[in-house]
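# Results of the structural survey
One letter stands for each residue in the lines below.
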Amino acid sequence: MKEALAQIIFHSIKKSYDKEILSAEAIAELLEVPPNRDMGDYAFPCFRLSKELKAAPPMISQWLSESIVSDIATAKPLGGYLNFFLEREKFARRVLDSLQAEGERYGSSDIGKGKTICLDYSSINIAKRFSVGHLSTTMIGNSLRRIYDFLGYKTIAINHLGDWGTQFGKLIYAYKTWGTPEELEKDGVEALTKLYVKFHDEAEKDPSLDEEGRKWFKAIEEGDAEALRLFNLFKELTLRDSEVVFDMLGVKFDSYAGESFYNDKMDRVIEELKAKGLLENSDGASVVNLDAYGMPPCLILKKDGATLYATRDIAAALYRHDTYAFDKCLYVVAYQQDLHFKQVFQVIELMGYDFAKDLKHVSFGMISFEGQMLSTRKGRMIFLEDLLKRACEKALDIINEKNPDLENKEEIAKQVGIGAVIYTDLQNSRIKDIDFRWDRALNFDGETGPYVQYTHTRCCSVLRKAADIPYTEPDYAALSDDASQQLLRLISRFPEQMLLAADKYEPSILTRSMTEIAKAFNKYYYDQRILTENPAETSARLLLTKATKDVLKTAMYLIGMDAPERM
């Protein structure tokens, strides 16, 4: 609808003033939704035209309102704004025609055709269980991938594994000293965790064990067959453990190239930095000076010649650009790494790579559970698989209480429980910290995942009841009431919200959009009788119900939730 109104305003300006001041695209971006329904459905601020037309905004809005002729909206001046009141019956027809044509693809586009976006997210650590601390990076990254796919981009999902460092040498020593293949096969990552803890306990008594760990890590670096065999076994066990969680969340990756993958690709970075005169000595370490950019130096090599995260991230960026020729590369990593990525991106720019401008750190806040921050040292670490299973159990308890005869209730409980966790994670702006609380997450009232899913099932229930009703040409005048129009307005804005979510790297925009649509449908459901004695009215109201169902299902898919048809 914004695009249609923008075209009307564009032609009105051109007709009234015989010149193009703003493009239709620029006008569409300026169109606002008034805070008060009495002020109309959309408003165009005329302040942007004031300087060019040498007139006050209220005068411009008056002139434009007199020149606009439209069959989809009435234009009225209100101060410095030109406000539009949609013609309700025609608006309903326009929105529902689009939904009938596109269905669950409503809001999709091909704006990303021919473009590639790399997304670096999740970044699990080898030899550690998948904790709740990795939930946000995993779900934000997964949602952004689905959004960009929906908009026609080619996406490359990368899980940049944390699989390098002396801790792996320590783990090999611990396994060869105290571990057994049987324990490893039986307990997987849990066995590795216990071995790692035992190593540190023993190293406190005998510090020489640290040197043994360094020797084994050096063996990994030098390609020792036994060291690599065990190193790869630990990775295999971790990925097998993590795959259970990824399957529960519906998350998939195209690449698991982690830190170790770039071990033989860092010489290029170091040589280029030297050749371009960017590498400086700082107390024996090698750094890139970033004083001119208000940042501390970026450490590339330690005094002993060891590489760091920055070295590997620079190597990874070069490799990804060479391999995927990306148009954009997103790093979904917590805000604590803001400085790290600013330094890395700046160094890549100083190296002369134009694609540095296409690197984006998508930061997010911290997660706590029932008011307490998670901490490994304080014994407050919650593993994601345990959290998801517990959410499913709680959802099943609620279903047994409210609808004990529901078919496939275990599967539906899984959809509701996991959906509740995902919704809670993506409900607010990604930069905000999250406090996960069971009573809020699994509530069927208010702004929660189960509430949106239940609204979808309500739409499905209405459509099932109407399955045998013969089709009649709809009477769109039946959708002229306030409740229907509010629902139609929110549905019509869904494609705009989709583009905004992609532009801002912000899945919460879609979460809020579908929540508002769910709330509006429930008001419509209570205000209007959908199945009436009038076939034409019923047909129109069923079309709006089907449109709501399709948009909710699409939105839930895009943030990673399932859309059950019964609850």
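Below is a summary of the structure that appears in this document. Keep in mind it's a predicted model, so treat the numbers as computed, not measured.

### What about the overall build of the protein chain?
When helices and strands are counted, the protein chain shows 22 helices and 13 strands. Projecting the C-alpha coordinates of the protein chain onto the three principal axes gives extents of approximately 85 × 65 × 40 Å. Residues classed as buried in the protein chain amount to 54% of the 567 residues present. Sequence-distant contacts, at least 24 apart, represent 72% of the contacts inside the protein chain between residues at least 6 apart.

### Remarks on the packing of aromatic side chains
Pairs of aromatic rings are described using the distance from one ring centre to the other and the angle between the two planes. Counted under the stated rule, the structure contains 23 aromatic pairs. For the ring pair Y331 and F341, a centre distance of 5.1 Å and an interplane angle of 45° mean the geometry is tilted. With Y331 in strand β9 (residues 328-332) and F341 in helix α14 (residues 338-350), this residue pair connects regions lying 10 residues apart in the sequence. For the pair Y331 and F341, one class covers both residues: buried. Between the aromatic rings of Y331 and F345, the centroid separation amounts to 5.6 Å while the plane-to-plane angle is 50°, which identifies the pairing as tilted. You can see Y331 sitting in strand β9 and its partner F345 sitting in helix α14, a full 14 residues away along the chain. Among the residues examined, F345 registers a relative accessible area of 13% and is labelled buried.

### Considering the sheet that holds strand β10 (residues 359-362)
Strands sit in the order β5-β4-β9-β10 across an open sheet of 4 strands; the sheet is parallel. In this open sheet, the two strands that pair with only one neighbour each are β5 (154-158) and β10. The sheet shows a mean angle of 20° between the axes of neighbouring strands, taken without regard to direction. Judged from the 4 bridges that link them, strand β4 (residues 116-120) and β9 form a sheet pairing that is parallel. Across the sheet, the residue bridging to L119 is L330, located in β9.

### Comments concerning the pairing of strand β6 (residues 279-282)
Where β6 meets strand β7 (residues 285-288), 4 bridges bridge the pair, whose relative direction is antiparallel. Looking at the pairing, L279 lines up with V288 of β7. Adjacent in sequence and paired antiparallel, β6 and β7 are bridged by 2 residues, among which D283 carries a positive phi angle near 55°.

### Focus: unusual backbone geometry
Residue N408 is not a glycine yet carries a positive backbone phi of 55°. Secondary-structure assignment places N408 in the loop between α15 (384-402) and α16 (409-426). You can call N408 exposed: its relative accessible area is 58%.

### Considering the sheet that holds strand β8 (residues 298-301)
Taken together, 3 strands build an open sheet; the order of strands is β6-β7-β8 and the sheet is antiparallel. Looking at the sheet topology across the chains shown, the edges are occupied by β6 and β8. For this sheet, the mean inter-axis angle between neighbouring strands, taken without regard to orientation, is 45°.

### Considering the side chain of S67
Along the chain, S67 turns up in helix α4 (residues 57-67). Among the polar contacts listed, one links the side chain of S67 to the side chain of S12, at a separation of 2.5 Å.

### Things to note about the packing of helix α19 (residues 482-492) against helix α22 (residues 535-559)
Where α19 meets α22, the axes come as close as 11 Å, and the angle between the chain directions of the two elements is 35°. In terms of crossing hand, the pair formed by α19 and α22 is left-handed. Across from S484, L487, L488 and I491 in α19, the residues of α22 making contact are L544, A547, T548 and V551. When grouped by side-chain class, the residues that make up the contact of α19 with α22 number 6 nonpolar, 2 polar and no charged.

### Points about the side chain of T538
As for its position among the elements, T538 is in helix α22. Note on T538: relative accessible area 4%, which makes it buried. Setting aside residues up to four positions removed in sequence, T538 forms contacts with I469, I530, L531 and T532.

### Quick notes on the pairing of β7
Residue alternation in β7 divides its side chains into two sets, A285 and V287 and S286 and V288, and both sets are buried. Note: β7 against β8, 3 bridges, orientation antiparallel. The partner of V287 across the bridge, within β8, is L299.

### With respect to the nonpolar core
Counting 143 residues, the largest nonpolar core has F44 and I491 as its most contacted members. No other element matches the 11 residues that α22 contributes to this core. Look past the residues within four positions of I491 in its chain and what remains in contact with it is V95, L99, Y106, I517, L544, A547, T548 and V551. Core analysis: the second largest hydrophobic core is formed by 36 residues, L290, I314, A317 and V344 among them.

### Focus on the state of the cysteines
Scanning the model with the defined rule gives 0 disulfides in all. C329 carries a free sulfur, and the closest cysteine sulfur to it, the one in C118, is 5.0 Å from it. Owing to a relative accessible area of 0%, C329 belongs among the buried residues under this scheme.

### Section: helix α11 (residues 225-249)
Each α-helix winds once per 3.6 residues, and so residues spaced three or four apart point in a common direction. For α11, with 25 residues, the first-to-last C-alpha span of 36 Å sits near the 36 Å given by 1.5 Å per residue. At E243, α11 shows its largest bend, some 25°. The N-capping residue of α11, defined by a side-chain oxygen 3.2 Å from the backbone nitrogen of E226, is D224. Phi turns positive one or two residues past the end of α11, at G250, with a value near 70°.

Cut-off values and rules
Residue numbers run consecutively from 1 along every chain, following the written order of its sequence. Given that this is a predicted model, residues contribute local features only at a pLDDT of at least 70 and side-chain atom pairs are listed and counted only at 80 or more, while totals for whole chains, interfaces and linings are drawn from all residues. To obtain the side-chain values, all non-hydrogen atoms of the structure were used and water was disregarded. Labels follow the DSSP assignment, with helices taken as runs of H or I lasting at least four residues and strands as runs of E lasting at least two, numbered in each case from the N terminus. Relative accessible area decides the class of each residue, using a 1.4 Å probe on protein chains only: under 20% of the type maximum gives buried, over 50% gives exposed, and in between gives partly exposed. Residues count as neighbours in contact if any of their non-hydrogen atoms are within 4.5 Å of one another. Ring pairs shown here join Phe, Tyr and Trp side chains whose ring centres sit within 6.5 Å, with only the six-membered ring taken for Trp; geometry is labelled stacked below 30 degrees between planes, edge-to-face above 60, and tilted in between. Note on pairing: two strands pair once DSSP finds at least 2 bridges between them. Fitting a line to C-alpha atoms yields each axis, with helices limited to the stretch in contact; the angle taken between N-to-C directions then spans 0 to 180 degrees. Each polar contact in these results corresponds to two N or O atoms within 3.5 Å; when the atoms are within protein, one needs to be able to donate a hydrogen and the other to accept it, and residues that are neighboring in sequence are counted only if both atoms are side-chain atoms. Crossing handedness is defined as follows: a turn of the near helix away from the far one that is anticlockwise and smaller than a right angle gives a left-handed crossing, while the clockwise case is right-handed. In this count, Pro and Cys sit with the nonpolar residues alongside Ala, Val, Leu, Ile, Met, Phe, Trp and Tyr, while Asp, Glu, Lys and Arg are called charged and the others, Gly among them, polar. To form a nonpolar core, buried Ala, Val, Leu, Ile, Met, Phe, Trp, Tyr and Cys residues must be joined to one another through side-chain atoms within 4.5 Å. Disulfides are defined as pairs of cysteine sulfur atoms found within 2.5 Å of each other. To estimate how far a helix should extend, the number of its residues minus one is multiplied by 1.5 Å. To get the bend at any residue, fit one axis to the seven residues that end at it and another to the seven that begin at it, then take the angle between the two axes.

Coordinates in, geometry out; function isn't part of it.
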